[in-house]
Amino acid sequence: MRLFTQSLATAILTAGCYVSIPTVNVLAQSPPSGPSTSAPDLSDQKLSATAAAMERVASVQRNYRQRIAEAEAPAEKQRIVAKANEELTKAVTEQGLSVDEYTSILDAARGNPEIRDKLLQHIRPSDQ
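In what follows, the accompanying structure is described. A quick note: this is a predicted structure, and the numbers were derived from the prediction, not measured. (Residues numbered from 1 in each chain as written. Predicted model: local features only at pLDDT ≥ 70, side-chain atom pairs only at ≥ 80, totals over all residues. Heavy atoms only, no water.)

Things to note about the overall build of the protein chain
Worth spelling out the cut-off: In DSSP terms, a helix is any run of H or I states spanning at least four residues, a strand is any run of E spanning at least two, and both are numbered starting from the N terminus. Whether two residues are in contact is decided by their heavy atoms, any of which lying within 4.5 Å being enough. Here the open area of atoms and residues is found with the Shrake-Rupley method and a 1.4 Å probe, where only the protein chains shown may cover a residue.
Helix and strand counts for the protein chain come out as six helices and zero strands. Starting at the N terminus and ending at the C terminus, the protein chain contains elements arranged as α-α-α-α-α-α. Here the analysis covers contacts within the protein chain between residues at least 6 apart in sequence; of these, 81% occur between residues at least 24 apart. Counting every atom, the protein chain has about 7,700 Å² of accessible surface; 50% of that belongs to carbon and sulfur.

Here you go:
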């Protein structure tokens, strides 16, 4: 089962790189050591789209983790993983972003406190 969990993580990451990382983990990680990531030209519209995609991605991830945990047959788990990959990609592209663009913005937010702060301003608090 542990091997399957690792395969699931690999499959999800393959579909969308950082797409499967929950919002909190992406923004809470320490920036990588070395020079700071240069700030790409990010409009409020792009940041809003990224924030909305992050919220949807976190929701999809929670939903599919539960489904995978409940599935018993390996073939059923694989089918669920494939569907999760589709949904994760859709969660990003429905916001008008490509997966590569979404990943790039998350990388920039991790490496640049100014971008991270701007992105956090676009994320709705979960208790409201």
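From this point, the discussion proceeds with the structure in view.
A short note on the side chain of Lys-77
What counts here: For each residue, the accessible area found with a 1.4 Å probe, counting protein chains only, is set against the maximum for its type, and the residue is called buried under 20%, exposed over 50%, and partly exposed in between. Positive residues here are Lys and Arg, negative ones are Asp and Glu, while His and the chain termini are left out of the count. Think of a salt bridge as a Lys or Arg side-chain nitrogen and an Asp or Glu carboxyl oxygen that are within 4 Å of each other. Polar contact criterion, stated in full: a pair of N or O atoms within 3.5 Å, where within protein one must be able to donate a hydrogen and the other to accept it, and residues adjacent in sequence count only if both atoms are side-chain atoms.
Mapped onto the fold, Lys-77 is located in helix α4 (residues 74-93). Within the buried core, Lys-77 has no salt-bridge partner, and the shortest N-O distance to an opposite charge, that of Glu-72, equals 8.6 Å. One polar contact links the side chain of Lys-77 to the main-chain carbonyl oxygen of Ala-71, over a distance of 2.8 Å.

Concerning the environment of Val-99
On the secondary structure map, Val-99 appears in helix α5 (residues 99-111). Under the relative-accessibility criterion, Val-99 is labelled buried at 15%. Through-space distance from the C-alpha of Val-99 to that of Leu-88 is 9.3 Å; in sequence the pair is eleven residues apart.

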